[in-house]
Amino acid sequence: MTGGRVLVVGLGSPDRGDDAVGAAVAERLGALAMDDVDVVTREDPTQLVQLWAGHDAALVIDAVASGNPPGRLHIREVGDAGEPLPTHAFTAAGRGGSHAFGLAGAVELARTLGTLPTHVTVVGVEAKSFDFGPMSPEVEASIDAAVATAAAELIALREEVQSCA
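Before going into details, it helps to say that this report is about the structure given with it. The shown structure was predicted, so the numbers you read here are calculated from the model rather than taken from an experiment.

Here the focus is the packing of helix H1 (residues 21-30) against helix H5 (residues 143-164). Between H1 and H5, the least distance of the axes is 9 Å, while the angle of their chain directions is 60°. Considering their axes alone, H1 and H5 lie oblique with respect to each other. Relative to H5, H1 is oriented so that their crossing is right-handed. On H5, the residues touching Val21, Ala24, Val25, Arg28 and Leu29 of H1 are Ile143, Asp144, Ala146, Val147, Ala150 and Ala151. Partitioning the contact of H1 with H5 into residue classes produces nine nonpolar, no polar and two charged.

Take H1 next. Of all ten residues in H1, seven are buried; the element is thus mostly enclosed. The set of residues buried in H1 consists of Val21, Gly22, Ala23, Ala24, Val25, Ala26 and Leu29. Looking at the buried side of H1, the elements it contacts are strand S1 (6-11), strand S2 (37-42), strand S3 (57-64), strand S5 (119-126), helix H4 (137-141) and H5.

This next bit is on the pairing of S3. Among the eight residues in S3, eight count as buried, and that is most of the element. Side chains Ala57, Leu59, Ile61 and Ala63 of S3 all project onto a buried face; the interleaved residues Ala58, Val60, Asp62 and Val64 project onto the opposite face, where all are buried too. By the bridge criterion, five bridges tie S1 to S3 in an arrangement that is parallel. Among the inter-strand pairings, Val9 is bridged to a residue of S3, identified as Val60. Where S3 and S5 come together, eight bridges link them in parallel fashion. From the neighbouring strand, Ile61 faces S5, where its bridge partner is Val123.

Considered for burial, the residues of helix H3 (residues 103-113) that qualify are Leu103, Ala104, Ala106, Val107 and Ala110. One side of H3 holds all its buried residues, which, seen down the axis, span an arc of 165°. Summarising the geometry of H3, the exposed residues directed more than 90 degrees from the buried face are Thr112 and Leu113. Residues of H3 that are buried sit in contact with S1, helix H2 (48-51), S3 and S5. The first or second residue beyond H3 is Gly114, which carries a positive phi of 80°.

About the criteria used
Residues numbered from 1 in each chain as written. Predicted model: local features only at pLDDT ≥ 70, side-chain atom pairs only at ≥ 80, totals over all residues. Heavy atoms only, no water. Axes fitted to C-alpha atoms, helices over the stretch in contact; angles between N-to-C directions. Helix = DSSP H or I, 4+ residues; strand = E, 2+ residues; numbered from the N terminus. Parallel < 35°, antiparallel > 145°, perpendicular 65-115°, else oblique. Left-handed = near helix turned anticlockwise from the far one by under 90°. Contact = heavy atoms within 4.5 Å. Nonpolar A, V, L, I, M, F, W, Y, C, P; charged D, E, K, R; others polar. Buried < 20%, exposed > 50% of the residue type's maximum accessible area, 1.4 Å probe, protein only. Pairing = 2+ DSSP bridges. Arc of directions from axis to C-beta.

Written out as structure tokens, the structure is:
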């Protein structure tokens, strides 16, 4: 690992309704231009397994489908000592690629391979629809809260990583 770098990943497809929320939140976090923070967006969660290399911590923002009201935020700590993500909520949620390999699968594969950073936080935004088209009004209305929550989690991750360096 390198000296205290944190990776922010906005996960999801920009043209699949609420699946675009991860990228929307990550782009707003990127505008904060924080030191030692790399911000990227990706559609395919399988890329995370290699993308985490060189980072001491990661923050992933993604749409989630757990049956809660659209726009509800979920925060999970899933680093190398964390609990597995529930696969029913963090699946490929509308992504057609990689045979429904979602965020939960990427986290557990990285855990098995020993590439999962020590500190990984997932901010999930409850989705209403993964159909082609724009985000639902409910999820669109939750973006400010998701950005604020993700920013707070990012600051905590940076502090944790810096205290361990």
